[in-house]
Amino acid sequence: KSGIVMQRVVASAPGKVILFGEHSVVYGKTAVAASVGMRTYVRVETTDGPACCTLRFANFNTENTWTWEEITSSKPVEQLVSSSQDTPHAAESAALVFLAIVREIFTEPSTIPNSTTIEVRSVLPVGAGLGSSAAFSVALTTALLAITGKLQQTPQPNTGELGDEDKRVVERISYKGECVIHGTPSGVDNGVATWGKAVTFTKPDLSPIQIPQLRFLITDTGVPRETKKAVKHVKDRFEDPNEKETIVSLLDEMQAVSDKGIKCLQTVQGATQHDELNGLVKTNQELLDKLGVGHPAITAVLDITSQFGLVSKLTGGGWGGCVITLLPPSSETQSEKEEKMQKQLCEGTSRRTFMADVGVVGAVVAEGDTADKIWEGVKPTCTVTV
């Protein structure tokens, strides 16, 4: 097939939240993850200049330039990224992801452009467990496939959403980028960023599902998540003969929550759906607390949101990180209530809150003037400093 060639593109991909099934997924149960309307944007432009590639991260205020000869050499990517006390660790990790993905795509000399500038802007908080690295990997992969004419299907005219054939390629390549940072990740994060909407994951199978757009408040507790330690804590309890029966029972209950959640998301509508989801969110959090992955910082957020009649749960590994709160349909009265709640959550604390739609479109791409308009409207709201 001949590909679709673009010279100036902007691609974007969403972050993710775990709706149901964190921790239980490690033991073969089903997790439900959904895309969140906070995105990472990658702009790629090729010109007839010198044969080099410049990578700029607006969030990190960093810039790297390599020759294409360096990028496509057999040198380990670690040797091409210099460490510095002035450079955030996340920026160095992202540069490594970039090089790994570029090498995966530019496998033939004929596909290598001359002068290439790649710019990255993100409205996703970095390191909060919302899939920022996967969103970058997916957006970068999408943009590079577009600029080199390797997309095999014309993106949707109104949204720029990729066709399924191209999504499968993006999912596969972006996973290579995720491996640079996370070793052997599940593939959930880059799967959600690619396909959008939501996915179910039962090791090793990931399946995209269609869900309605929902409104959530995401609260970063200000306490760094401790995923590895939390996972080890559950594992230790699972392997303890005195605790195993209790943990197995909790994991089975989590599977039931995931099953009901999937059914509710796909078959129930309106106020009934909202009420059912609220009940499942509440139950899931209670089970996570019983597993021992809660945290006083998470409980504090739950207490505040419950004062406003809302239900919340941790999302991700626990012991810190983010909390998600299901919001009812928007209204003027509801907006005032939510504004007051956000003020109470953040006042005098290190917490941050983000209003976001959940269940949004996945990887998208635009070219030319359309790409320029999108890029002009993107403000990197989550700046990372040393």
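Residues numbered from 1 in each chain as written. Predicted model: local features only at pLDDT ≥ 70, side-chain atom pairs only at ≥ 80, totals over all residues. Heavy atoms only, no water.

## Looking at the overall build of the chain
Basically, it comes down to this: Put simply, DSSP marks the helices as runs of H or I at least four residues long and the strands as runs of E at least two long, and each gets a number from the N terminus on. Radius of gyration: over C-alpha atoms. The globule rule applied is 2.2 Å multiplied by the number of residues raised to the 0.38 power. Each residue is assigned to one of three classes by its accessible area relative to the maximum for its type, calculated with a 1.4 Å probe on protein chains only: buried under 20%, partly exposed between the two thresholds, exposed over 50%. Residues count as neighbours in contact if any of their non-hydrogen atoms are within 4.5 Å of one another. Neither His nor the chain termini are counted; the positive set is Lys and Arg, and the negative set is Asp and Glu. A charge is said to be at NZ when it belongs to Lys, at CZ for Arg, at CG for Asp and at CD for Glu.
Looking only at helices and strands, the chain features eleven helices and twelve strands. Relative to the 2.2 N^0.38 estimate, which gives 21 Å for 386 residues, the radius of gyration of the chain is 21 Å and therefore close to what a compact globule would have. Along the three orthogonal principal directions, the C-alpha set of the chain runs to about 60 × 50 × 45 Å. Every one of the 386 residues in the chain was classed for burial, and the buried ones make up 54%. In the chain, once contacts between residues fewer than 6 apart in sequence are set aside, the share between residues at least 24 apart is 76%. For the chain, the distance from the average position of its 37 positive side-chain charges to the average position of its 45 negative side-chain charges is 2 Å.

## A short note on the nonpolar core
What counts, and what does not: Buried Ala, Val, Leu, Ile, Met, Phe, Trp, Tyr and Cys residues form a nonpolar core when they are joined through side-chain atoms within 4.5 Å.
Judged by nonpolar contacts, the single largest core of 56 residues is most densely connected at Leu19, Phe20, Met38 and Ile218. At eight residues, helix 7 (residues 244–267) tops the list of elements feeding residues into this core. In contact with Phe20, other than residues within four places in its own chain, are Thr30, Ala31, Val32, Val257, Ser258, Gly261, Leu277, Leu280, Val281 and Asn284. Within the second largest apolar cluster, 44 residues are counted, among which are Phe57, Trp66, Phe106 and Leu145.

## Topic: the pattern of salt bridges
Where we set the bar: Salt bridge criterion: a side-chain nitrogen from Lys or Arg within 4 Å of a carboxyl oxygen from Asp or Glu.
What the rule picks out here adds up to 19 salt bridges. Of the charged contacts, one joins Lys29 and Asp252 as a salt bridge, the two residues approaching to 2.8 Å between their closest N and O atoms. Taken together, the residues span a long stretch of sequence, with Lys29 in the loop between strand 1 (8–20) and strand 2 (31–47) and Asp252 in helix 7 at a distance of 223 residues. The salt bridge involving Arg215 is made with Glu338; its shortest N-O contact spans 2.8 Å.

## So, the packing of aromatic side chains
Selection rule: Here a Phe, Tyr or Trp ring, Trp counted by its six-membered ring, pairs with any other such ring whose centre lies within 6.5 Å, and the pair is stacked when the planes are under 30 degrees apart, edge-to-face when over 60, and tilted otherwise.
In this structure the tally under the stated criterion is five aromatic pairs. Pairing Trp66 with Phe98 gives two aromatic rings, centres 5.6 Å apart and planes at 20 degrees, and the pair type is stacked. Of this pair, Trp66 sits in strand 4 (residues 62–67) while Phe98 sits in helix 2 (residues 89–105); the two residues are 32 residues apart in sequence, bridging distant segments of the chain. Since its relative accessible area comes to 4%, Trp66 is described here as buried. Clustering of aromatic rings is evident, with ring pairs tying together Phe57, Phe60 and Phe136.

## Notes on the confidence of the model for the chain
How we decide: One confidence number per residue, pLDDT, is output by the predictor and ranges from 0 to 100.
Of the residues in the chain, 95% have a pLDDT of 70 or more, and the chain-wide mean is 90. In this model residues 1–5 is a low-confidence stretch, pLDDT under 50, and it forms 16 contacts with partners more than four residues away in sequence or in other chains.

## Comments concerning the state of the cysteines
Note the following rule: Pairs of cysteine sulfur atoms within 2.5 Å are identified as disulfides in what follows.
Here the structure, examined in full by the defined rule, presents zero disulfides. The thiol of Cys346 is unpaired, and the distance to the nearest cysteine sulfur, on Cys322, comes to 12 Å. Judged by its relative accessible area of 23%, Cys346 is partly exposed.

## As for helix 2
The periodicity of an α-helix, 3.6 residues per turn, causes residues three or four positions apart to be oriented the same way. Note the cut-off: Residue count minus one, scaled by 1.5 Å, sets the expected span of a helix.
The terminal C-alpha atoms of helix 2, which comprises 17 residues, lie 25 Å apart, in line with the 24 Å expected from a rise of 1.5 Å per residue. Of all the 17 residues making up helix 2, 13 are buried; the element is thus mostly covered by neighbouring parts of the structure.

## Observations regarding unusual backbone geometry
In the segment running from Lys203 into Pro204, the intervening peptide bond is cis, with an omega of 0 degrees. Inspection of the secondary structure puts Pro204 in the loop between strand 6 (198–202) and strand 7 (205–209). The phi dihedral of Asn61 is positive, around 55 degrees, even though this residue is not glycine. Relative to the helices and strands, Asn61 resides in the loop between strand 3 (52–57) and strand 4.

## What to know about the packing of helix 3 (residues 132–147) against helix 4 (residues 164–182)
Any two packed helices are characterised by the angle at which their axes cross and by the distance between the axes. Defined as follows: Working convention: axes come from line fits to C-alpha atoms, limited for helices to the stretch in contact. Angles between N-to-C directions cover 0 to 180 degrees. The labels follow the angle: roughly parallel below 35 degrees, roughly antiparallel above 145, roughly perpendicular from 65 to 115, and oblique for the rest. The sense of a crossing depends on the near helix, which, turned anticlockwise from the far helix by less than a right angle, makes the crossing left-handed and, turned clockwise, makes it right-handed. Each residue gets one label: Ala, Val, Leu, Ile, Met, Phe, Trp, Tyr, Cys and Pro are nonpolar, Asp, Glu, Lys and Arg are charged, and the others, such as Gly, are polar.
Following both chains from N to C, one finds helix 3 and helix 4 inclined at 135 degrees, their axes separated by 8 Å at the closest point. When the axes of helix 3 and helix 4 are compared, the pair comes out oblique. Remark: the crossing between helix 3 and helix 4 carries right-handed chirality. Across the interface between the two elements, Ser133, Ala134, Ser137, Val138, Thr141, Thr142 and Leu145 from helix 3 touch Val169, Val170, Ile173, Ser174, Gly177, Glu178, Ile181 and His182 from helix 4. For the contact of helix 3 with helix 4, a count of residues per class yields seven nonpolar, seven polar and one charged.

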